[in-house]
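# Geometric and topological summary
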Amino acid sequence: MIDRKDFKKHVPQVIDWIQNYFDQLEDLPVKSKVQPKDIYKQIPASMPMHSESLEAMLKDLEEIILPGITHWQHPNFHAYFPANSSVESLYAEFITSAIAAQCMIWDTSPAAAELEERMMEWLRQTMGIPANFEGVIQDTASTASLVAILTAREVATDFQSNEEGVPNNLRIYCSSETHSSIEKGVVIAGIGRKNLKKIAVDENMAMIPAELEKQIQDDIAAGFKPTCVIAATGTTGTVAVDPLKEIAAICKKYDVWLHVDAAYAGSALLLPEYHWMIEGIEDADSFVFNPHKWLFTNFDCTVYFVKDVDVLLKTFEILPEYLKTRTRGLVNDYRDWGVPLGRRFRALKLWFVMRGFGLEGLQQKLRGHLELNQYFAQKIRESESFELILEPFLNFTCFRYKGTEGMSEEEKDVVNEKLLNIVNDSGKLFVSHTKVRGTYVYRMVIGQTYIEKRHVDYALEVFQEAIQSL
Ligand SMILES: Cc1ncc(COP(=O)(O)O)c(C=O)c1O
């Protein structure tokens, strides 16, 4: 076991490992090539009886663990949505780990609570969220949306679900394109999967407000209680933006909680030219976005804004004797603002990122990604082999291989899947897929912190090359 006074002695080994990792990152296969249980079989079946050296652990890290890592910080990682990081965020994570505070209430680290309060204000102002919303950091967007659904459930049932159990007539609404975390939240909240109504989308994959209103009216007529609508600002499949203003008007008319899931695209709100995406936000009740996706802040870090903090607290507050403090009511005890009691000191990495980059630096990075995406999309437009499926939006391009003369749509799907497997198995690139109106398509996301134009050129080259090996 290493004594804390010897901490510094071993730091160079760890830091050298990290610096080497960064230096060789581009040479590593983006997507891990291991087979199921390859790693598991190399780990001893029981814990060691005696202390092992840091050297031995770092050796195994290199030889056993690293081959089983998919490199999310690789500049050729374009899959899913990024979980990008930055040096600033990493430094803060070191310090957070060193302090290792558990920030459940103000008393257990006043600075963590008050820095969090300020960080939420910084983001709120910059992102165009109204001043009557208050923010709190959650672990993930899944948790934040669950918090929204639970709060909406309590508001709709006059806080009786917490007391008596959940009635079976509550209804939740989202589009057919909304992230699966909403369905999970509805299930966990005891509302029942059958009470989640998925509303049809238009040609841009955005919710059709008239369909939402019709469903709400039908439900009211059938004795259901419309409880919560989830509008997406940037869906997972294709970054579609639901028309918030129209949806907000419907929610207001029928007195339904409106939660906005901007988990990914929320970062773009740091750019004033994208504030149109949340026009109508003043009539929403809650909003979530993930700095741990596209804001250079290590996973995990989710920001949740809520308009009426009182109903949030009323939903989650439980006060056992051992958590009573003298500062209650004077400060934010964030344990009451969500599901877990224990909380990491996540505000520190946001502080480091926002100060280290400055708003100007953050905007420059984001705009750089938007430009690279336009560049990539233009290359696809000009390409003989590929075609755009949707107009590029933000840093996301949806495209596919055109296939060869005479291929049916089914054959195109098969060949596109094959091509993507070749690309991803090569280790040169990692891109993921989705289906748009039943068609197999590629999702190219350009959101890596340290990505450059050459990586975007390379991505196209790898796809072109892969066609030769079909
Ligand atoms: C739109 C959207 N909402 C929610 C989530 C869930 O995010 P988290 O992993 O933070 O729970 C995702 C993840 O990609 C997402 O894209």
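In this report, we go over the structure that sits alongside the text.

Each value, and the rule that gives it
Residues numbered from 1 in each chain as written. Predicted model: local features only at pLDDT ≥ 70, side-chain atom pairs only at ≥ 80, totals over all residues. Core = buried A, V, L, I, M, F, W, Y, C linked by C-beta atoms within 7 Å. Buried ≥ 20, exposed ≤ 12 C-beta atoms within 10 Å, placed from the backbone. Helix = DSSP H or I, 4+ residues; strand = E, 2+ residues; numbered from the N terminus. Contact = placed C-beta atoms within 7 Å. Axes fitted to C-alpha atoms, helices over the stretch in contact; angles between N-to-C directions. Parallel < 35°, antiparallel > 145°, perpendicular 65-115°, else oblique. Left-handed = near helix turned anticlockwise from the far one by under 90°. Nonpolar A, V, L, I, M, F, W, Y, C, P; charged D, E, K, R; others polar. Near = placed C-beta within 6 Å. Expected span 1.5 Å × (residues − 1). Arc of directions from axis to C-beta. Pairing = 2+ DSSP bridges.

## Considerations on the nonpolar core
- Core analysis: the biggest nonpolar cluster contains 123 residues, and Val 229, Ile 247 and Leu 258 have the highest contact counts within it.
- Considering each element in turn, this core owes the most residues, 12 residues, to helix H12 (residues 347–382).
- Ignoring anything within four residues of it in the chain, the contact list for Leu 258 reads Val 229, Ala 231, Ile 247, Ala 248, Cys 251, Asp 283, Ala 284 and Asp 285.

## Topic: the packing of H12 against helix H14 (residues 453–468)
- Where H12 meets H14, the closest approach of the two axes is 10 Å, and the angle between their N-to-C directions is 25°. Judged on the interaxial angle alone, H14 and H12 are roughly parallel. Crossing angle aside, the handedness with which H12 passes H14 is right-handed. Facing H12, whose interface residues are Leu 372, Tyr 375, Phe 376 and Lys 379, H14 presents Lys 453, Val 456 and Leu 460.

## Overview of unusual backbone geometry
- The omega torsion across Phe 299 and Asp 300 is 5°, close enough to zero to call that bond cis.
- Along the polypeptide, Asp 300 turns up in the loop between helix H10 (291–294) and strand E7 (302–306).
- For Tyr 80, which is not glycine, the phi dihedral falls at a positive 45°.
- Position of Tyr 80 relative to the elements: it lies in the loop between helix H2 (54–65) and helix H3 (87–99).
- With 15 C-beta atoms packed within 10 Å, Tyr 80 lands in the partly exposed category.
- Positive phi, normally seen in glycine, also occurs at Ala 100, with a value near 50°.
- Take Ala 100: it is sitting in the loop between H3 and helix H4 (110–127).

## Concerning the packing of helix H8 (residues 209–221) against helix H9 (residues 244–254)
- Packing of H8 against H9 leaves a shortest axis separation of 9 Å and a crossing angle of 15°. Considered as vectors, H8 and H9 are oriented roughly parallel to each other. For H8 against H9, the interelement crossing comes out right-handed. In this structure, H8 uses Pro 209, Leu 212, Glu 213 and Ile 216 to contact H9, whose residues at the interface are Glu 246, Ile 247, Ile 250 and Tyr 254.
- For the contact of H8 with H9, the residue count by class is 6 nonpolar, no polar and 2 charged.

## Focus on the site of the ligand
- In the region of the ligand, 15 residues are neighbours, and Thr 140, Ala 141, Ser 142, His 179 and Ala 263 sit closest.
- Tallied by class, the residues present in the shell around the ligand amount to 5 nonpolar, 9 polar and 1 charged.

## Structural notes on H4
- Under the 1.5 Å per step criterion, the end-to-end length of H4 is 26 Å for 18 residues, consistent within 8% with the ideal 26 Å.
- If you check which residues of H4 are buried, you get Ala 112, Ala 113, Glu 116, Met 119, Met 120, Leu 123 and Met 127. For H4, the buried positions fall inside an angular range of 130° around the axis, keeping them on one side.
- Those residues of H4 that are buried lie in contact with strand E1 (134–138), E7 and H12.
- Backbone geometry just after H4 places Gly 128 at a positive phi near 80°.

## Some remarks on the environment of Leu 330
- Positionally, Leu 330 belongs in the loop between helix H11 (309–316) and H12.
- By C-beta crowding, Leu 330 is classed as exposed, having 9 other C-beta atoms within 10 Å.
- In the structure, Leu 330 is positioned 224 residues away from Trp 106 in sequence and 9.7 Å away in space, judged by C-alpha atoms.

## A closer look at the sheet that holds strand E11 (residues 439–445)
- Ordered in space as E8-E9-E11-E10, the 4 strands form an open sheet in which the pairing is antiparallel. Only two strands of the sheet have a single neighbouring strand rather than two, namely strand E8 (386–388) and strand E10 (432–436). Each adjacent strand pair in this sheet contributes to an overall mean axis angle of 45°, direction not counted.
- Strand direction decides the pairing type here: E8 and strand E9 (residues 396–401), joined by 3 bridges, are antiparallel.

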